[in-house]
Structure formats: structure tokens, C-alpha cells
Amino acid sequence: MQQSRSDQYNLNIQVLGIPLNDVEGIQRGSVESGQFSVFQFSGERLHSVISVNAPRDIKVAKRWLKQGTCPSPDVIADPSVRLDKLERAA
């Protein structure tokens with residue numbers, strides 16, 4: 001699983017997997033807040049994640065990719081859901 005990270009001024013950008021140009025992403029967080037992630041799915045499987053100032057999203061997504069599991073896109077998009085708590089409950 002490919003992972004890269006770059007700090008650009010006040011932005012911490014991390015990429016997990018290889019994002020695809022032709023796949024829509026599920027956004028978690030907001031661009032305006034400066035803290036968000038985009039989760040890409042291939043069918044029902046998590047394919048890649050791009051995060052900006054959201055390292056916890058990458059940490060949890062990395063475990064999901066290794067395990068081959070992931071919550072639904074609706075759950076991921078809901079900012080009131082703590083992804084790290086979901087992981088422990090699974």
C-alpha cells in the first residue's frame with residue numbers, strides 16, 4: 001500500500017493508496033475549515049484517501065485497507081461520527 005506525506009506551509013497532506021481520476025470521492029470535513037479528507041471507493045471497497053490536516057483519518061483508513069473492511073460512505077461522510085471509535089467497535 002503506497003503512502004506519501006508532504007508538509008506545505010501550514011498544510012499536512014497525506015495520500016494513502018493511488019487516487020484515481022475517474023472515481024468520485026466522499027468528502028469528510030470541509031475545505032473551508034482547512035481540515036478534510038477525500039475517501040475514494042472502488043465498488044464497495046475503500047481504494048484511496050487524501051487528507052489535508054486530518055492525520056487521524058489516514059491512520060484509521062490504513063487499518064481498514066489492511067483488513068479489507070470499511071464503514072459505508074454515508075458513515076464516513078458524517079463529521080459527527082468518530083472514525084477511531086467505529087474501528088474499535090467493529
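Notes on the structure follow. (Residues numbered from 1 in each chain as written. Predicted model: local features only at pLDDT ≥ 70, side-chain atom pairs only at ≥ 80, totals over all residues. Heavy atoms only, no water.)

## What to know about the side chain of Ser-37
Then, in step 1: Note that Ser-37 resides in strand 4 (residues 35–42).
Then, in step 2: According to the relative accessible area criterion, Ser-37 is buried, its value standing at 0%.
Then, in step 3: At a separation of 2.8 Å, a polar atom in the side chain of Ser-37 contacts the side chain of Asp-57.
Then, in step 4: Among residues more than four places away in sequence, those in contact with Ser-37 are Ile-26, Gln-27, Arg-28, Val-49, Ile-50, Ser-51, Ala-54 and Asp-57. (Helix = DSSP H or I, 4+ residues; strand = E, 2+ residues; numbered from the N terminus. Buried < 20%, exposed > 50% of the residue type's maximum accessible area, 1.4 Å probe, protein only. Polar contact = N/O pair within 3.5 Å; in protein donor to acceptor, adjacent residues only side chain to side chain. Contact = heavy atoms within 4.5 Å.)

## Section: the pattern of salt bridges
Then, in step 1: Taken as a whole, this structure holds 3 salt bridges when the rule is applied.
Then, in step 2: Between Asp-7 and Arg-5 there is a salt bridge; the shortest N-O distance is 3.7 Å. Summarising the burial analysis for this pair, Asp-7 and Arg-5 share the class exposed.
Then, in step 3: Notably, a salt bridge pairs Asp-57 with Arg-28, separated by 3.8 Å at the nearest N-O pair. One end of the pair, Asp-57, is in helix 1 (residues 55–67); the other, Arg-28, is in strand 3 (residues 25–30), with 29 residues separating them in the sequence. Note on accessibility: Asp-57 and Arg-28 belong to one class, buried. (Salt bridge = Lys/Arg side-chain N within 4 Å of Asp/Glu carboxyl O.)

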